[in-house]
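Residue strings, one per chain:
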Amino acid sequence: MGDIQTEDGSVGGISEVPNPSPEMAKASGTPLETLQHGHVIYMLKCGECHAYQLPKDLFIDEWEDAMPKMITHAGLDKEDEKAVLAYVVAVKGGED
């Protein structure tokens, strides 16, 4: 429980999904509260229908294409979609 299927088929733990931080908010220019909301939605809703995709493993344009369909399917609103996408973009922005 709580494990996440990674791209190579291995199973990762929750530690691979970073919690939003003040540094992440500052670097992304997104309020910490928005990133926290996106993280919560990601953790609670995204894994209900399929294996989690770690934010670091996909390109932003793939997320942007897939998000509207998945958010609608999950019965979430546009604000949830924006928050999840902001969270993913912030995670991706922290990669070097």
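Residues numbered from 1 in each chain as written. Predicted model: local features only at pLDDT ≥ 70, side-chain atom pairs only at ≥ 80, totals over all residues. Heavy atoms only, no water.

Undergrad: What is the right way to read the packing of aromatic side chains from this model?
TA: Geometrically, a pair of aromatic rings is defined through the distance of the ring centres and the angle of the planes. Counting across every chain of the model gives two aromatic pairs. With 6.2 Å between their ring centres and 55° between their planes, Tyr 42 and Trp 63 make a pair best called tilted. In this pair, Tyr 42 sits in helix H2 (residues 32-45) while Trp 63 sits in helix H3 (residues 60-73), placing the two residues 21 residues apart along the sequence. Assigned by exposure class, Tyr 42 and Trp 63 land together as buried. On the numbers, 6.0 Å between centres and 45° between planes, the contact of Tyr 42 with Tyr 87 is tilted. Taken together, the residues span a long stretch of sequence, with Tyr 42 in helix H2 and Tyr 87 in helix H4 (residues 78-93) at a distance of 45 residues. With a relative accessible area of 1%, Tyr 42 lands in the buried category. For Tyr 87, a relative accessible area of 0% gives the class buried. (Phe/Tyr/Trp six-rings, centres within 6.5 Å; stacked < 30°, edge-to-face > 60°. Helix = DSSP H or I, 4+ residues; strand = E, 2+ residues; numbered from the N terminus. Buried < 20%, exposed > 50% of the residue type's maximum accessible area, 1.4 Å probe, protein only.)

Undergrad: Looking at this model, I keep getting lost on the pattern of salt bridges. Mind explaining?
TA: Opposite charge on two side chains permits pairing when their charged atoms draw close. What the rule picks out here adds up to two salt bridges. With a shortest N-O distance of 3.6 Å, Lys 82 and Glu 79 are connected by a salt bridge. A residue pair is termed a helical-turn pair when its members lie 3 or 4 positions apart in one helix, as Lys 82 and Glu 79 do in helix H4 at three residues. Each member of the pair, Lys 82 as well as Glu 79, carries the same accessibility label: exposed. (Salt bridge = Lys/Arg side-chain N within 4 Å of Asp/Glu carboxyl O.)

Undergrad: Sorry if this is basic, but what is going on with the layout of surface pockets here?
TA: Volume-wise, the largest pocket comes out at about 230 Å³. If you trace the largest pocket, you find 18 residues lining it, with Lys 45, Cys 46, His 50, Met 70 and Ile 71 closest to the centre. Residue contributions to the lining of the largest pocket peak at seven residues, all from H3. (1 Å grid on protein atoms, 1.4 Å probe; cavity = no way out; pocket = protein on both sides within 12 Å on 5 of 7 lines; lining within 4 Å. Points joined across faces, edges and corners; volume = space filled by probe spheres on them.)

Undergrad: I would appreciate a short explanation of H4 in the present structure.
TA: Quick reminder: α-helices carry 3.6 residues per turn. Residues three or four places apart thus point the same way. The terminal C-alpha atoms of H4, which comprises 16 residues, lie 22 Å apart, in line with the 22 Å expected from a rise of 1.5 Å per residue. Measuring from the side-chain oxygen of the N-cap residue of H4 to the backbone nitrogen of Glu 79 gives 3.1 Å; that N-cap residue is Asp 77. (Expected span 1.5 Å × (residues − 1). Polar contact = N/O pair within 3.5 Å; in protein donor to acceptor, adjacent residues only side chain to side chain.)

Undergrad: Explain the nonpolar core to me, please; I cannot follow it from the model alone.
TA: Generally speaking, a soluble globular protein has its nonpolar side chains buried in company with each other. Formed by 20 residues in total, the largest nonpolar core has its most connected members in Val 17, Leu 35, Tyr 42, Trp 63 and Tyr 87. Elements supplying a minimum of two residues to this core: helix H1 (22-28), H2, H3 and H4. Top element by residues in this core is H4. It accounts for six residues. Those residues in contact with Tyr 42, other than ones at most four positions away along the chain, are Val 17, Gly 47, Tyr 52, Gln 53, Leu 54, Pro 55, Trp 63, Val 84 and Tyr 87. (Core = buried A, V, L, I, M, F, W, Y, C linked by side-chain atoms within 4.5 Å. Contact = heavy atoms within 4.5 Å.)

Undergrad: Looking at this structure, how should I read the confidence of the model for the protein chain?
TA: Do not read the fine detail of predicted coordinates wherever pLDDT is low. When pLDDT is averaged along the protein chain, the result is 80, and 81% of the positions lie at 70 or above. Across the protein chain, the element-wise mean pLDDT spans from 44 in strand S1 (residues 4-5) up to 94 in H1. Predicted confidence for residues 1-12 stays below pLDDT 50, and this span has 24 contacts to residues more than four positions away or in other chains. (pLDDT = per-residue confidence, 0-100.)

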